[in-house]
Amino acid sequence: MRPRTPVKGRGVFSGTGLIVTCLAATLAALIFPVWSYTDRPGTAPNVLSAQTLKTSYGPLSALDQDFLTKVRLAGLWELPAGRQAQSKGTTPAVRTAGRHLVEGHRFLDERVRDVATRLNLALPDEPSEQQKQWLDRFDRAQGAEYDREFANILRLAHGKVFSVVAQVRASTRNSLVRELADDANSTVLDHIKVLEATGYVDFDAVARDLAGDSAPAATAPGPAAPPPSSPSPDYTLPPPAYRPPPD
């Protein structure tokens, strides 16, 4: 009795079966690495980012690092701007805003330098070129023009930082950055309020700036409505949510 002739294409090792087997193996190899990172509890996609640093306080993402740098840069130019406004501002409201800037950024600068030391992260030692240009504008301005430049440039800058703080606070997995973002949120919001209370902020310019995502220096603040009735000499605003450290 002659052996039965094999049916063409039958079995795993046939041509078609071999192709299907290879495709399934390839698909499994592609899916497994994705599953291994995305389906594990507490694991986010940015674990694959070369810019994310491992620390004992949790991963330090590129956004976290940029946030720390921005907080430091803000203090490097807003501290001198606030000190200047305390003496150069022509209204009590502008001088009050300057005082809040000094108190807030003295506190935040101490905090961010401590956090950076604990995370072994280098921070800048001088303002950016754009921030130096803003300080130069303040130096040249006089009288009501100074008050208007001070209020508008700083209000535009704080508006941009405010959105960054919110993004960092919502996404960071680093406990030190999370705590610093809480402090920064309270400080920046306080500064926005005191700058608006000067009566010089051009809200149309603020809206245009945020919509176009342009730098504050690129659009000179337009004339704002004159300040409301002159505040009394003892003009005050609610204190910041934080407590600045004693001198």
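This text follows the structure it describes.
Small disclaimer: the values here were computed from a predicted structure and weren't measured.

Quick notes on the rules
Residues numbered from 1 in each chain as written. Predicted model: local features only at pLDDT ≥ 70, side-chain atom pairs only at ≥ 80, totals over all residues. Heavy atoms only, no water. Helix = DSSP H or I, 4+ residues; strand = E, 2+ residues; numbered from the N terminus. Contact = heavy atoms within 4.5 Å. Areas by Shrake-Rupley, 256 points an atom, 1.4 Å probe, with all protein chains shown as cover. Phe/Tyr/Trp six-rings, centres within 6.5 Å; stacked < 30°, edge-to-face > 60°. Core = buried A, V, L, I, M, F, W, Y, C linked by side-chain atoms within 4.5 Å. Buried < 20%, exposed > 50% of the residue type's maximum accessible area, 1.4 Å probe, protein only. Axes fitted to C-alpha atoms, helices over the stretch in contact; angles between N-to-C directions. Parallel < 35°, antiparallel > 145°, perpendicular 65-115°, else oblique. Left-handed = near helix turned anticlockwise from the far one by under 90°. Nonpolar A, V, L, I, M, F, W, Y, C, P; charged D, E, K, R; others polar. Salt bridge = Lys/Arg side-chain N within 4 Å of Asp/Glu carboxyl O. Expected span 1.5 Å × (residues − 1). Bend = angle between axes of the 7 residues up to and from the residue.

Some details on the overall build of the protein
Next, step 1: Secondary structure summary: the protein contains seven helices and zero strands in total.
Next, step 2: If you list the helices and strands of the protein from N to C, you get α-α-α-α-α-α-α.
Next, step 3: A fraction of 77% describes how many contacts in the protein between residues 6 or more apart in sequence connect residues 24 or more apart.
Next, step 4: When the accessible surface of the protein is totalled, it reaches about 14200 Å², and 58% of it is carbon and sulfur.

Quick word on the packing of aromatic side chains
Next, step 1: Following the criterion strictly, the structure yields five aromatic pairs and no others.
Next, step 2: With a centroid separation of 6.0 Å and an interplanar angle of 20°, the aromatic rings of Tyr146 and Phe150 are classed as stacked. Placement of both Tyr146 and Phe150 in helix α5 (residues 143-171) is noted, with a separation of four residues, approximately one turn of the helix.
Next, step 3: In textbook terms, an aromatic cluster arises when at least three aromatic residues are bridged by ring pairs, as seen for Trp77, Trp134, Phe138, Tyr146 and Phe150.

Focus: the nonpolar core
Next, step 1: Counting residues in hydrophobic clusters, the biggest one holds 22 residues, and the most contacted among them are Trp77, Phe138, Tyr146, Phe150 and Leu154.
Next, step 2: Contributing elements (two or more residues each) for this core: α2 (62-88), α3 (92-119), α4 (129-140), α5 and α6 (175-196).
Next, step 3: A total of seven residues in this core trace back to one element, the largest contributor, which is α5.
Next, step 4: Leaving out residues up to four positions away in the same chain, Leu154 has contacts with Trp77, Glu78, Leu101, Phe138 and Leu195.
Next, step 5: Counting residues in each nonpolar core, the second largest holds 20 residues, with Val71, Val112, Leu121 and Ala181 among its members.

Re the packing of α2 against α6
Next, step 1: Here α2 crosses α6 at 40°, and the two axes come no closer than 11 Å. The orientation of α2 relative to α6 falls into the category oblique. Classified by chirality, the crossing of α6 by α2 is left-handed. Contacts from Asp64, Phe67, Leu68 and Glu78 in α2 reach Val177, Leu180, Ala181, Ala184 and His191 in α6.
Next, step 2: Residue composition of the contact of α2 with α6, grouped by class: six nonpolar, one polar and two charged.

Side note on the packing of α2 against α5
Next, step 1: At a closest axis distance of 11 Å, the pairing of α2 and α5 adopts a crossing angle of 155°. Classed by the angle they form, the pair α2 and α5 counts as roughly antiparallel. Once α2 is placed against α5, the crossing between them reads as left-handed. Only Tyr146, Phe150, Ile153, Leu154, Ala157, His158, Val164, Val165, Gln167, Val168 and Ser171 of α5 make contact with α2, whose side of the interface consists of Leu63, Asp64, Phe67, Lys70, Trp77, Glu78, Ala81, Gln84, Ala85 and Lys88.
Next, step 2: Across the contact of α2 with α5, the residue classes break down as 13 nonpolar, four polar and four charged.

Thoughts on the pattern of salt bridges
Next, step 1: Across all of its chains, the model carries 13 salt bridges by this definition.
Next, step 2: Between Arg113 and Asp109 there is a salt bridge, with the nearest N and O atoms lying 3.0 Å from each other. Taken together, the residues span about one helical turn, with Arg113 and Asp109 both in helix α3 at a distance of four residues.
Next, step 3: With a relative accessible area of 40%, Arg113 lands in the partly exposed category.
Next, step 4: Close ionic contact of Lys160 with Asp209 constitutes a salt bridge, the shortest N to O distance being 3.5 Å. Separated by 49 residues along the polypeptide, Lys160 in helix α5 and Asp209 in helix α7 (residues 203-212) bring together distant segments of the chain.
Next, step 5: Each of Arg72, Asp109, Arg113 and Asp125 takes part in a single network of salt bridges with overlapping partners.

A look at the side chain of Gln84
Next, step 1: The topology assignment puts Gln84 in helix α2.
Next, step 2: Taking relative accessible area as the criterion, Gln84 reaches 18% and is therefore assigned buried.
Next, step 3: With residues up to four places along the chain from it excluded, the contact list for Gln84 reads Gly89, Phe138, Asp139 and Tyr146.

A few points about the environment of Val115
Next, step 1: Take Val115: it is sitting in helix α3.
Next, step 2: Not counting residues within four places of it along the chain, the set of residues in contact with Val115 comprises Leu68 and Leu176.

A short note on α2
Next, step 1: Over its 27 residues, α2 runs 38 Å from end to end, which matches the ideal 39 Å to within 8%, given 1.5 Å per residue.
Next, step 2: At Glu78, α2 shows its maximal kink, close to 30°; a proline, Pro80, follows between one and four residues later.

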